[in-house]
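Residue-level structure breakdown
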Amino acid sequence: MLHSIYDLTTFCRKTTGDVPAKLVGASTTVVGSKMYLFGGRLVTERRMVSDLYVFDLETFVWERIPTFPEDDVPRARYFHSADTWNNHLVVFGGMSNQPDSINPDELCVLNDVRFYNFATGHWLPPPPPSPEPDPFLPRARYAHLSSVTADRLFVIGGQDFFNTWLDDVCVFDLVTKTWVQRRDYPRHCGTYRSVAVCSNTTVRSPQEEMQASISSSTLGPAGSRFRASKTTSGSPDNVTPSENLTHLPYSSSPTEDHPSDIYLYSNYNFTDVKRELEVFSPLPDSDFTIQDRSSAMTGTTCPPGLRFPTGAILGTHLIIAGTYLAHSYQSFSIWVLDLTAMTWSRIDPGKAIETGSWFRGCLWADANKFLIFGNRHGNLVDDYNRRLLSWDHVAVVDLEAFGIYQPPPLELDVRMQELGLAALEERVLTDFEVICDDGQKIPCSRKILEERWPWFKEQRKQLLKKTKVTLESLPDSAMHIPLPELAGDGLSGEPRVDPRLTPRAFHLSEPYPVTLALLQYFYSLALITPLQHTPAVLSQLLILATNYRLAHLESLVKHAMHRALSNSTSVGVYEVATLCSCRSLQIRALKTVMSYTQKRPSRKAEKENASNSRPSDSGIDGTNGGGSSKYLSRPRGTSDAKWRTMADGGTSSSGYT
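All figures in this text were calculated on a predicted structure; none of them were measured in a lab. (Residues numbered from 1 in each chain as written. Predicted model: local features only at pLDDT ≥ 70, side-chain atom pairs only at ≥ 80, totals over all residues. Heavy atoms only, no water.)

1. Let's talk about the overall build of the protein
Each helix and strand counted, the protein has 12 helices and 32 strands in total. Counting all 657 residues of the protein, 49% fall into the buried class. Relative to all contacts within the protein whose residues are 6 or more apart in sequence, the contacts with residues 24 or more apart total 59%. Only carbon and sulfur atoms are counted for the fraction: they give 52% of the accessible area of the protein, which is about 32300 Å². (Helix = DSSP H or I, 4+ residues; strand = E, 2+ residues; numbered from the N terminus. Buried < 20%, exposed > 50% of the residue type's maximum accessible area, 1.4 Å probe, protein only. Contact = heavy atoms within 4.5 Å. Areas by Shrake-Rupley, 256 points an atom, 1.4 Å probe, with all protein chains shown as cover.)

Here you go:
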């Protein structure tokens with residue numbers, strides 16, 4: 001049986017442990033490798049709960065978190081919001097049962113803020129009521145949006161008890177535990193049609209920042225940065241000018257100058273879908289700005305109307321997922337907006353969620369994966385009509401296989417990277433040599449290799465240990481001279497080694513360019529030189545990172561390979577990714593190879609027909625690709641049912657760019 005390549009990107013598992021019952025309006029919040037589920041209304045009993053569950057994203061095991069008797073547990077509620085901040089779960093609003101009512105079905109809406117401490121496992125007591133009216137206190141609401149950035153909770157829209165839209169934005173200072181702003185926002189926003197998301201990391205571009213701020217020229221000309229005189233008569237061949245360096249985008253914690261923006265996406269009028277995107281940027285005080293980016297969104301296809309959308313930010317991509325309902329086709333659909341190019345693309349999860357009932361999606365940012373909860377045996381339409389959420393199964397989508405991932409953070413500041421590279425090129429404090437397999441020698445610092453190459457340090461320790469044992473077995477001699485006493489002995493915590501027994505060189509069975517690129521990494525902890533970004537050198541660096549277990553180097557190489565992936569490099573990337581068990585990179589490279597192979601016309605076809613005909617190469621699923629191009633692959637955004645009618649074969653091989 002032939003499968004689509006997209007079946008490699010997604011798998012489905014049955015969850016175990018204290019699996020929650022079917023719920024309506026429960027919240028899910030990811031913290032590290034855990035997901036917390038709070039509240040909701042039981043479908044079977046029509047009763048609201050305040051239960052808290054934790055789901056292990058690695059083992060797929062549910063656990064119900066017990067409460068302490070002394071805790072003031074929040075009132076049971078549904079269609080509330082839950083966010084994470086400073087190792088706390090922040091719950092706001094929602095709909096609950098009216099307290100002290102003779103009618104158990106009488107409802108009310110809430111506007112309280114409650115905190116759960118993940119470290120202690122306790123609910124924090126609610127703050128005492130203010131003696132004076134708070135002008136910024138939001139009106140009670142449910143089905144609203146919320147997001148946390150710059151130590152502030154933003155509550156957007158929602159509905160009151162009478163289902164009237166509340167068109168405002170309220171800001172809660174999480175440090176002082178006070179409401180600090182309320183602003184009118186003339187748009188209808190709610191969980192049925194909108195989603196507001198931000199990330200706890202930002203992606204920054206060093207190239208742009210260096211041009212806008214302090215130039216690297218303050219370090220002096222390349223080749224003279226460790227000299228007393230900052231002038232150089234010429235540029236040696238082994239010196240890399242600053243203008244030739246490449247600084248890749250990197251992840252960083254938000255700051256006042258580079259805050260994490262909130263992206264508010266809305267879609268409505270599902271028969272003729274309208275899409276809106278607005279960006280909330282926090283200012284250093286309690287204020288914020290709003291920028292409308294709706295008109296900037298483009299793409300060959302755009303998302304259909306998605307009901308009860310969920311979303312997240314990963315790297316430079318906005319992920320939107322939700323239920324797509326049409327007369328002939330229903331599915332859980334995942335779309336991605338590239339925030340740099342502002343173009344939409346569809347994520348094809350393969351057959352893993354082709355059947356069943358799937359509704360709640362969440363992002364596991366640390367693993368670059370998107371998880372979808374549901375029941376693979378359920379009925380999507382029936383469960384949607386009841387707003388039912390199931391937790392029996394989870395589908396895991398590998399986003400990195402689509403080129404969507406969080407770039408690695410910096411280990412050194414950008415200017416420190418250049419300074420480290422200059423130390424290697426100017427041979428500062430060199431007391432060691434690395435000898436390549438072609439006999440060329442590269443002077444370097446043994447201390448830097450030991451600090452940044454654990455395998456090297458361990459090998460040297462073992463060598464010295466064997467040498468010491470050998471020396472102790474030799475007979476004493478009157479010719480032996482002890483080591484002289486030096487100032488500072490013992491300050492490092494390790495005994496001083498006899499310099500006569502200290503290795504001065506290391507033979508690395510790699511050619512000179514690969515060895516030099518590896519040493520450039522050890523000195524700068526980055527990939528910044530043109531040599532390091534050469535495809536052949538990158539491939540060998542990935543092998544070295546895998547063999548020597550250099551996790552940071554491996555993440556940098558994969559980052560560089562993802563950004564440079566093209567038709568010309570895809571085959572080489574696929575081979576080395578397969579060799580190094582980098583599955584996500586391997587799948588993405590394979591998709592590029594196969595997409596290029598499908599599009600490239602065969603020589604026979606070119607000779608027989610000089611017109612723009614489609615080649616007769618086989619598609620991804622092994623079917624013959626002859627015929628008109630519009631029937632060869634399903635356009636993104638169209639339903640499987642429509643494609644099957646067009647293709648008459650029931651197969652699918654849509655591509656992702």
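2. Quick notes on the sheet that holds strand 31 (residues 441-444)
Taken together, the 3 strands give an open sheet; going across it, the order is 31-30-32, and neighbouring strands pair in mixed fashion. At either margin of the open sheet sits one strand with a lone partner, and together these are strand 31 and strand 32 (505-507). Looking at each pair of strands side by side, their axes are set apart by 20° on average, direction ignored. When strand 30 (residues 432-435) meets strand 31, the two strands line up antiparallel, connected through 4 bridges. Each bridged residue has a counterpart across the sheet, and for Ile435 the counterpart in strand 31 is Lys441. Seen against the sheet, helix 6 (residues 512-524) touches strand 30 and strand 31 and runs at an angle of roughly 10° to strand 31. (Pairing = 2+ DSSP bridges. Axes fitted to C-alpha atoms, helices over the stretch in contact; angles between N-to-C directions.)

3. Some words on the sheet that holds strand 25 (residues 330-338)
On the basis of which strands lie adjacent, the open sheet formed by 4 strands has the order 23-24-25-26 and antiparallel pairing. Each having just a single partner strand, strand 23 (307-314) and strand 26 (343-347) make up the two edges of the open sheet. Averaged over all pairs of adjacent strands, the angle between their axes in this sheet comes to 25°, without regard to strand direction. As defined by bridge partners, strand 23 adjoins strand 24 (residues 317-325) across 6 bridges and the pair is classed as antiparallel. Residue Leu314 lies in a different strand from strand 24, and its bridge partner there is His317.

4. Focus: the environment of Ser539
Within the element layout of this structure, Ser539 appears in helix 7 (residues 535-547). Separated by 37 residues in the primary sequence, Ser539 and Val576 place their C-alpha atoms 6.0 Å from one another.

5. What to know about the packing of helix 3 (residues 414-425) against helix 6
Viewed as axis vectors pointing N to C, helix 3 and helix 6 meet at an angle of 130°, and their least axial separation amounts to 8 Å. Classified by the angle their axes make, helix 3 and helix 6 are oblique. Seen along the crossing, helix 3 lies across helix 6 with a hand that is right-handed. Side by side, helix 3 and helix 6 meet where Gln417, Gly420, Leu421, Ala423 and Leu424 of the first sit next to Leu516, Leu519, Gln520, Tyr523 and Ser524 of the second. (Parallel < 35°, antiparallel > 145°, perpendicular 65-115°, else oblique. Left-handed = near helix turned anticlockwise from the far one by under 90°.)

6. Here we look at the side chain of Ser333
Mapped onto the elements of the fold, Ser333 is located in strand 25. A polar contact of 2.8 Å, which involves the side chain of Ser333, links it to the side chain of Trp335. For Ser333, the residues in contact, after removing those within four places along its chain, are Leu306, Ile320, Ala321, Gly322, Tyr324 and Arg346. (Polar contact = N/O pair within 3.5 Å; in protein donor to acceptor, adjacent residues only side chain to side chain.)

7. Brief notes about the side chain of Ser584
The residue Ser584 is located in helix 10 (residues 583-599) in this model. Apart from residues no more than four positions distant in its own chain, Ser584 is found in contact with Asp398, Glu400 and Ala401.

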